[in-house]
Amino acid sequence: MESQDQRNIRNICILAHVDHGKTTLADHLIARYGGGLLHPKQAGKLRFLDYLDEEQKRAITMKSSSIALSYKNHLINLIDSPGHVDFCSEVSTAARLSDGALVLVDSVEGVHIQTHAVLRQAWIEKLTPCLVLNKIDRLICELKLSPMEAYARLQRIVNEVNGIVSAYKSEKYLSDVDSVLAGPGEMGEEGHELVEDDEEDTFQPQKGNVVFVCALDGWGFSTGTFAEFYACKLGASSAILRKALWGSHYFIPKTKMIVGKKGIAGSKNAKPMFVQFVLEPLWQVYQSALEGEGGKGMLEKVIKSFNLSVPPRELQNKDQKSVLQAIMSRWLPLSDAVLEMVVNCMPDPIAAQSMRISRLLPKIEVSNRGWDTNLIVEIEKVRKSVEICDSRPSAPCVAFVAKMFAVPLKMVPQRGPNGEVIDNIMEEFGGLGESDAGNQECFLAFARIFSGIFSTGQKVYVLSSMYDPLKSETIQKHVQVAELRSLYLMMGQGLKPVASATAGNVVAIRGLGQFISKSATLSSTRNCQPFSSLVHQVSPMLKVAIEPSDPADMGALMKGLRLLNRADPIVEITVSSRGEQVLAAAGEVHLERCIKDLKERFARVKLEVSPPLVSYKETIEGEECGPLETLKMLAGSADCVEKTTPNGRCIVRVQVMKLPTELIKVLDESGSLFGSIFERKPEQIIGSSENKIPDNNNENEVSFEDSVAALRDRMVKSIEIEVESGSKDIDRDRREKYRTLWFQFLQRIWALGPRQVGPNVCLVPTIMHENGLNSGSKPMDDCILIRGYPHVSEKLGFLHASAANREKESVEACNPATRDLQMEAEGLANSIISGFQLATAAGPLCDEPMWGLAFLIEAYILPRQSQPEDPENNQQFDQYGVLTGQVMHAVKEACRAAVLQKKPRLVEAMYFCELSTPTEFLGPLNAVLARRRARVLKVEMQEGSPVFTVHAYLPVSESFGFSDELRRWTSGASSALLLLSHWEALPEDPFFVPKTEEEIEEFGDGSSVPPNTARKLIDAVRRRKGLPVEEKVVQHATKQRTLARKSNFGKF
């Protein structure tokens, strides 16, 4: 691998929706250029890269796997990836290690939801995509389309995919323009390139980055393939024909000229050249082959015209489909068409890494605080080596490990690249007992080398994503030294040992199993910044509690969980408040695979798995709250809940309101950004100009400031939407007051919760609250309001420096007589925030986090009544505990009581569900959706096929077993894909009691009202958490009766 020219290397991945033909395509590439690993007869049937038993059983790919192909002096590292939404983390892994992506789309089913997801992943990772339109034969054999209809369908798919990519480009372009308009400066080079790229579509068949294939039969072509066929016959250059064989170009036989639409004005039968010269010959070959004996003449003509060497025994096959496959795979070889496109249209590692460097290694944030200049220069030197893909022996060695994967120890080669026996191989496996080494698992690192040369036996630094080379305190926690025991070239399930590997290659590394959990950066120097973290399209939402059937196996289970956490990129292992081991997976299929791996590979013990633990949230009813009610809350004149500490020294008043939907969405989606904001010091966020070095080393800092500014703009925009929608029915004066109060709201944000980053807001009381002008009079004249400070508003930039100073000065300026009490009040501010965090982390309905609420907390502290001199009497002041704890508890209970007072509601997670079903099963499908409380959004028929596509929202709590029930009721003809969409409040009141005459007439006096859905869900969660549940122990208060009564008097 060391002698391979980097410009002859291509690292590509295959991305697509599930069942669109990724692994079948890979089979044909392996059969032709995989070095004899797969016989051509088995291509498309064996699914070579799906070597796990579960993959073969389910007929889906569950992991990303790599294989090296050799094509025309080029080394092509091909990575196959899953299409199922549960395994999106594997797509992220494949995309990070690749430079280009083959995006497959089924020409019958078209663009699906997962196609959007993989295109976005390719865009995020800055990959060069190429489009593969698969299953062209189904347009002929199944849909019976004419060549003109098929052309229209293919053209629509290409335009749709181009529209998706253009939307991502426009999104990035507009954000770049907004950042330029928001502050001084000029648009960088990336922005200029973006404008140029947006002038034309990404996928254009005439450019050669679109191929049309039938992966199952092993044939495919591009417009260049047919351009070469017709160049001599038509007397035109192949370059001109390549451009003319797509789009509105027409061939005039009389003049032998190629014209556009204007040149055929008045001609009704004119056909585009793609239809006339490409699709019609294909249709004729297929129709001739399927006719049987009558079409042999046409097939013989094709064989003779293109000098095809087809064995006679294949032509004499009675199965016409096999005859057709034999001819088409030799006339239009699939592997040649695809790999020719890969070599011509995808960049080599040198070109790709220069384009991807801003994504892989953003420039490190540097401020003028006495950093070592030599250290900064060294860090920049390493980054430059990655950018140019430096493969010199003197270059720093840098690689990125995208994931760890486990293979049976018996599958690891026992000899090195030169045939020598490897002595240390038994030391590297995640063993659970050395007595049976044949069943042990060896962990290998799936890595891409970006700079330098890695060799067997080399020692490297393992850098976690939290490592900062400018901070010496991070070295101890986030840097480890490891030795590379072996390097392997991956050949599917097989491993080929190599002595060394240069930059640009994808390899498997043995020796890192004890050092890396999910992903990491490898470097020969500590002066290297870690690669940016992977972006996963889904998060682990499905949780179950697991425990061993035999308590004695608890140790084996803990070891197995650690190994599973290392082997799976997205799985999460946590411990619940009750001490349970909780396993979080991305979906049902992913969970089933994790449980099976635990039982059979990692823990090897019998397990007890609980029913799925569904997460909920709690909120209050907000739809009926009009602008006037919101106005009262913002002005502080709404009803409040009052609580007093046990010692009577602190009185807490709490008001609660529902936040606007758009603002909730912004807060919910920006949790990670809020975490970054609150971890930084104020001067890092504000970023004054005197703290910056005047060179380009502060690119990441500017990017962070742009992110904060974009978050601030989104929050302001959400308020504008609320003002516009909520002020339609009120007069102008109140509308202006409404707007003013909402923007004052953004300047009064004290804290977010829960965990400082949630979608709930704690507001700072104003001067009017301190004077007792809004929520009633002050409890006592000598009490003091604990005012707090709007830290969040300040860090987001809503509170200007002058206003912040005035706030601080007004807090500090107090009467000397009450100075001690004021200082005590300032010290209790953290207790109020802690009580707010506790309340929002566990709501009153079922101890689930609150969602989308704003709390106004007014806490008044009273002076001590007396200070006894007798130490024995002084104990009376401490009998209720520390005052800070009392205030915390009072705030928590007041917030929970305020929520209960405002019509609480349960919030559940919703899946976006995309279903495909034939016409005759549309009724059963709707019945299944209705039973599971799904809400159908759209039902449309796919053009040219008897298949309906249904879009619906499905509650996560109702999704378990949904796919099995759907297959059972539709005889396996329907399929479903679930993707986490949003949170939605249940409209039902969990405490519903009939009050009106109509309700009493329908439900009676309330004693016999069955619990509604919300109450059932709440009771189920409370029962699982061990909380008290109001339920009847005795359902029927009648005499107990048994099914059979036997007389036992004779025994006495």
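Scroll up a little and you will see the structure.
Read on for a plain summary of the structure. (Residues numbered from 1 in each chain as written. Predicted model: local features only at pLDDT ≥ 70, side-chain atom pairs only at ≥ 80, totals over all residues. Heavy atoms only, no water.)

Here's the deal with the environment of Thr 919
Alright, step 1. Structurally, Thr 919 can be placed in the loop between β31 (904–918) and α32 (922–931).
Alright, step 2. The partly exposed category is assigned to Thr 919, whose relative accessible area is 38%.
Alright, step 3. Considering only alpha carbons, one finds Thr 919 and Val 947, 28 residues apart in sequence, at a separation of 6.1 Å.
Alright, step 4. In this structure Thr 919 touches Met 941, Pro 946 and Phe 948, once residues within four positions along its chain are discounted. (Helix = DSSP H or I, 4+ residues; strand = E, 2+ residues; numbered from the N terminus. Buried < 20%, exposed > 50% of the residue type's maximum accessible area, 1.4 Å probe, protein only. Contact = heavy atoms within 4.5 Å.)

Observations regarding helix α16 (residues 373–388)
Alright, step 1. In a regular helix each residue adds 1.5 Å, so 16 residues correspond to 22 Å; α16 covers 23 Å between its end C-alpha atoms and thus fits that length.
Alright, step 2. Buried residues of α16: Leu 375, Ile 376, Ile 379, Val 382, Arg 383, Ser 385 and Val 386, and no others.
Alright, step 3. Its buried side turned inward, α16 meets α15 (349–360), β10 (398–408) and β11 (441–451).
Alright, step 4. Of the residues one or two after α16, Cys 389 is the one with positive phi, at around 55°. (Expected span 1.5 Å × (residues − 1).)

Details of the sheet that holds strand β20 (residues 542–548)
Alright, step 1. Strand order in the open sheet formed by 4 strands is β21-β22-β20-β23, and the pairing between neighbours is antiparallel. Edge positions in the sheet fall to β21 (572–575) and β23 (607–609), since each of these pairs with one other strand and no more. Taking each pair of neighbouring strands and ignoring which way they run, the sheet shows an average axis angle of 35°.
Alright, step 2. Examined bridge by bridge, β20 and strand β22 (residues 581–585) share 5 bridges and lie antiparallel to one another. (Pairing = 2+ DSSP bridges. Axes fitted to C-alpha atoms, helices over the stretch in contact; angles between N-to-C directions.)

Quick notes on the environment of Leu 15
Alright, step 1. Among the secondary structure elements, Leu 15 is positioned in strand β1 (residues 9–16).
Alright, step 2. Taking C-alpha positions, Leu 15 is 6.1 Å from Val 118, a pair spaced 103 residues apart along the chain.
Alright, step 3. For Leu 15, the residues in contact, after removing those within four places along its chain, are Lys 22, Ser 81, Val 91, Ala 101, Leu 102, Val 103, Leu 104, Val 118 and Ala 122.

Focus: the pattern of salt bridges
For side chains bearing opposite charge, pairing can occur when the charged atoms are close.
Alright, step 1. By the definition in use, this model includes 42 salt bridges.
Alright, step 2. The salt bridge involving Glu 125 is made with Arg 96; its shortest N-O contact spans 2.9 Å. Of the two residues, Glu 125 is situated in the loop between α4 (113–124) and β5 (128–134) and Arg 96 in helix α3 (residues 88–97); the sequence distance between them amounts to 29 residues. Considered together, Glu 125 and Arg 96 belong to a single accessibility category, that of buried residues.
Alright, step 3. Among the ionic pairs, Glu 621 bridges to Lys 903, the shortest N-O distance being 3.7 Å. A residue pair is termed long-range when its members are at least 10 positions apart, and Glu 621 in the loop between β24 (616–620) and α20 (627–635) and Lys 903 in the loop between α31 (883–901) and β31 qualify at 282 residues. (Salt bridge = Lys/Arg side-chain N within 4 Å of Asp/Glu carboxyl O.)

Observations concerning the side chain of Glu 965
Alright, step 1. The residue Glu 965 is located in helix α33 (residues 962–969) in this model.
Alright, step 2. Owing to a relative accessible area of 10%, Glu 965 belongs among the buried residues under this scheme.

Re a negative patch on the surface
Alright, step 1. A cluster of acidic residues, Glu 997, Glu 998, Glu 1001 and Glu 1002, forms a negative patch at the surface.
Alright, step 2. When you line up the elements, Glu 997 lands in helix α34 (residues 997–1003).
Alright, step 3. Take Glu 997: its relative accessible area is 68%, and that puts it in the exposed class. (Patch = residues over 30% accessible without salt bridge, like charges linked within 9 Å, V, L, I, M, F, W, Y side chains within 5 Å. Areas by Shrake-Rupley, 256 points an atom, 1.4 Å probe, with all protein chains shown as cover. Lys, Arg positive; Asp, Glu negative; His and termini not counted. Charge placed at Lys NZ, Arg CZ, Asp CG, Glu CD.)

Brief notes about the environment of Arg 526
Alright, step 1. Mapped onto the elements of the fold, Arg 526 is located in the loop between β19 (520–523) and β20.
Alright, step 2. For Arg 526, a relative accessible area of 38% corresponds to the partly exposed category.
Alright, step 3. Separated by 148 residues in the primary sequence, Arg 526 and Glu 378 place their C-alpha atoms 9.8 Å from one another.
Alright, step 4. Every residue in contact with Arg 526, bar those within four places of it in the chain, is listed here: Tyr 461, Tyr 467, Pro 469, Ile 475 and Val 479.

Some words on the nonpolar core
Alright, step 1. Ranked by internal contacts, the top residues of the largest apolar core, which has 80 residues, are Leu 102, Val 338, Phe 454, Ile 509, Leu 512, Leu 522 and Leu 583.
Alright, step 2. Setting aside residues no more than four positions away along its own chain, Ile 509 makes contact with Phe 443, Leu 444, Ala 445, Ala 447, Leu 484, Ser 486, Leu 487 and Leu 522.
Alright, step 3. Ranked by size, the runner-up nonpolar core spans 60 residues in total, among them Phe 212, Phe 226, Trp 246 and Phe 277. (Core = buried A, V, L, I, M, F, W, Y, C linked by side-chain atoms within 4.5 Å.)

Concerning unusual backbone geometry
Alright, step 1. Here Gly 753 and Pro 754 are connected by a cis peptide whose omega angle stands at 0°.
Alright, step 2. For Pro 754, the position within the fold is in the loop between β27 (749–753) and β28 (760–763).
Alright, step 3. We note that Arg 933 has phi near 60°; this positive angle belongs to a residue other than glycine.
Alright, step 4. Here Arg 933 is to be found in the loop between α32 and β32 (935–941).

What to know about the packing of helix α30 (residues 829–841) against α31
Alright, step 1. For the pair α30 and α31, the least separation of the axes is 8 Å and the interaxial angle reads 40°. As far as their axial angle goes, α31 and α30 are oblique. Read as a crossing pair, α30 and α31 show a hand that is right-handed. Where α30 approaches α31, its residues Ser 831, Ile 832, Ser 834, Gly 835, Phe 836, Leu 838 and Ala 839 are matched on the opposing element by Thr 884, Val 887, Met 888, Val 891, Lys 892 and Cys 895.
Alright, step 2. Tallied by class, the residues present in the contact of α30 with α31 amount to 8 nonpolar, 4 polar and 1 charged. (Parallel < 35°, antiparallel > 145°, perpendicular 65-115°, else oblique. Left-handed = near helix turned anticlockwise from the far one by under 90°. Nonpolar A, V, L, I, M, F, W, Y, C, P; charged D, E, K, R; others polar.)

What about the pairing of strand β26 (residues 650–658)?
Alright, step 1. For β26, the buried fraction is high: 9 of the 9 residues fall into the buried class.
Alright, step 2. Summarising the sheet, strand β25 (residues 641–644) and β26 pair through 4 bridges and their orientation is antiparallel. Bridging across to β26, Lys 643 finds its partner in Val 652.
Alright, step 3. Between the antiparallel neighbours β25 and β26 lie 5 residues, among them Gly 648 with a positive phi of about 75°.
Alright, step 4. As judged from the 9 bridges shared by β26 and strand β30 (residues 853–861), these two strands associate in the antiparallel manner. When the bridges of β30 are listed, Met 657 appears paired with Ala 854.

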